[in-house]
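Here is how the chains run, residue by residue.
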Amino acid sequence: MTKHLFDQALELQAAGSDRPDTWLGTTSPAYWNMVGPFGGSTAATALQAVMQHPALLGEPIALTVNYASATAEGPFSITATPVRTNRSTQHWVLSLNQPNAKGEDVAVMTATAMTALRRETWQVNDMPMPDVPAPKDVERARLAGAMEWLNRYDMRFVRGGIPRKWDGADKLSPDSLTQLWVRDDVPRPLDFASITAMADVFYPRVWLRRPLHVPAGTVSMTVYLHASAAQLQQAGTGYVLAQARGQAFRHGFFDQSAQLWDESGTLLVTSHQLVYFKE
């Protein structure tokens, strides 16, 4: 059976016994964005390097990715080093490298991650899922002709869809809130890598708050993985409700806070990112 395109994009091969923390991969045209791979797929690749490391302890809890530059088309290496392992937590430092124009091996992405052994404790969703229409009652967004990675997702905007008119700086929207149902297309069971990628499915909040089509791109993203592997398995191939809102737009940067719930209302992931925009 043919592998899902997402799994193909995340394929990593061990670099060899002389580089025990390093894996080799190649960018996927199926997840191409404007000038490089979709940032969510790059974050998922970083997590994949941790997940397949033989020294892994537990499950991923947190991942912070810093996009130093756009990843170029073609091969790359990614190093995931467990820098500290405690009794129940483990801390990682990662780097995704490619040769530059001079042939020098340089970092295009750096990251840190934490994994841990989860324990059964008291739990509650302190941020309940918003009351929104079911996925079947929301029309799928038609994004044909846009960036290739958008074709990999079934997106259904409840509110805050991509502006239909770019009215400019004098047409401010009341807020930058977007809510949408999303899942892989072709449907694929949720796991840590796919939910990490989905935490980055939002278009730039600055385009919604002020519908002016300025260049923008994520420079840093942190994903907190609240769900266990078992909870993700329970969500299966269902939709995820993804919500994002900007909080401050200033000096060429804005931040974004996001939450993702499964259809049953379980909060799976929260995310924060910093985005650059150019005037």
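An account of the accompanying structure is given in this report. Everything quoted here is computed from the prediction, not taken from an experiment. (Residues numbered from 1 in each chain as written. Predicted model: local features only at pLDDT ≥ 70, side-chain atom pairs only at ≥ 80, totals over all residues. Heavy atoms only, no water.)

## Observations regarding the overall build of the chain
- For the chain, the count of helices and strands is 5 helices and 12 strands.
- In terms of principal-axis extent, the alpha carbons of the chain reach across some 55 × 50 × 40 Å.
- In the chain, buried positions account for 49% of the 279 residues.
- Sequence-distant contacts in the chain: of pairs separated by 6 or more residues, those separated by 24 or more amount to 70%. (Helix = DSSP H or I, 4+ residues; strand = E, 2+ residues; numbered from the N terminus. Buried < 20%, exposed > 50% of the residue type's maximum accessible area, 1.4 Å probe, protein only. Contact = heavy atoms within 4.5 Å.)

## Points about the pairing of strand β6 (residues 105-116)
- Summarising the sheet, strand β3 (residues 59-67) and β6 pair through 8 bridges and their orientation is antiparallel. Note that in β6 the partner of Tyr67 across the bridge is Met109.
- Both strand β5 (residues 89-99) and β6 contribute to a ladder of 11 bridges, which runs antiparallel. Pairing of Pro99 across the sheet is with Asp105, part of β6.
- With antiparallel pairing between neighbouring strands as the criterion, β5 and β6 make up a hairpin whose turn holds 5 residues, including Gly103 at a positive phi of roughly 85°. (Pairing = 2+ DSSP bridges.)

## Observations regarding the pairing of strand β11 (residues 253-262)
- Counting buried positions along β11 gives 8 out of 10 residues, so the element sits mostly inside the fold.
- In this structure, strand β10 (residues 240-250) lies alongside β11, joined through 9 bridges in antiparallel fashion. Each residue of the ladder has a partner; that of Ala242, found in β11, is Leu260.
- Counted along the chain from β10 to the antiparallel partner β11, the turn is 2 residues long, and its residue His251 has a positive phi close to 55°.
- Relative to strand β12 (residues 267-277), β11 is paired through 9 bridges, and the arrangement is antiparallel.

## Description of helix α2 (residues 39-51)
- Spanning 13 residues, α2 covers 18 Å between terminal C-alpha atoms, matching the ideal 18 Å at 1.5 Å per step.
- Within α2, 11 of the 13 residues are buried, leaving the element largely enclosed by the surrounding structure.
- If you check which residues of α2 are buried, you get Gly39, Gly40, Ser41, Thr42, Ala43, Ala44, Thr45, Ala46, Leu47, Ala49 and Val50. (Expected span 1.5 Å × (residues − 1).)

## Some points on the nonpolar core
- Membership of the largest hydrophobic core comes to 67 residues, with the highest contact counts inside it found for Ile78, Leu94, Tyr153, Met155, Ile195 and Met198.
- The residues touching Ile78, leaving out its near neighbours within four places in the chain, are Leu12, Asp21, Thr22, Trp23, Thr45, Ala46, Ala49, Ser95, Leu96 and Met109. (Core = buried A, V, L, I, M, F, W, Y, C linked by side-chain atoms within 4.5 Å.)

## Describing the packing of aromatic side chains
- Scanning the entire structure with this criterion turns up 9 aromatic pairs.
- Ring geometry for Phe6 versus Tyr31: centroids 5.8 Å apart, planes at 70°, classification edge-to-face. Residue Phe6 is found in helix α1 (residues 5-9), and its partner Tyr31 is found in the loop between β2 (22-26) and α2; the two are separated by 25 residues along the sequence. Accessibility classification places Phe6 together with Tyr31 in one group, the buried group. (Phe/Tyr/Trp six-rings, centres within 6.5 Å; stacked < 30°, edge-to-face > 60°.)

## Topic: unusual backbone geometry
- A cis geometry characterises the amide bond from Asp185 onward to Val186, with omega recorded as 15°.
- Relative to the elements of secondary structure, Val186 occurs in the loop between β8 (178-184) and α3 (192-198).
- In the Ramachandran plot, His251 falls in the positive-phi region, its phi being about 55° despite a non-glycine side chain.
- Take His251: it is sitting in the loop between β10 and β11.
- For His251, a relative accessible area of 74% gives the class exposed.

## Points about the pattern of salt bridges
- The tally for this structure, following the rule as stated, stands at 11 salt bridges.
- By sharing partners, the salt bridges in this structure join Arg140, Asp154, Arg156 and Asp185 into a single network. (Salt bridge = Lys/Arg side-chain N within 4 Å of Asp/Glu carboxyl O.)

## A few points about the sheet that holds β6
- Across the sheet, which stays open at both edges, the 12 strands sit in the order β1-β2-β4-β5-β6-β3-β9-β12-β11-β10-β8-β7 with antiparallel pairing between neighbours. Looking along the sheet, the strands with just one partner apiece sit at the ends: β1 (13-14) and β7 (153-159).

## Looking at the environment of Ala43
- Within the element layout of this structure, Ala43 appears in helix α2.
- A sequence separation of 150 residues divides Ala43 from Ala193, and the C-alpha atoms of the two residues are 8.1 Å apart.

## Focus: a nonpolar patch on the surface
- A cluster of nonpolar residues, Phe253, Leu274 and Tyr276, forms a patch on the protein surface that exposes about 250 Å² of accessible area.
- Mapping Phe253 onto the fold places it in strand β11.
- The partly exposed category is assigned to Phe253, whose relative accessible area is 36%. (Patch = residues over 30% accessible without salt bridge, like charges linked within 9 Å, V, L, I, M, F, W, Y side chains within 5 Å. Areas by Shrake-Rupley, 256 points an atom, 1.4 Å probe, with all protein chains shown as cover.)

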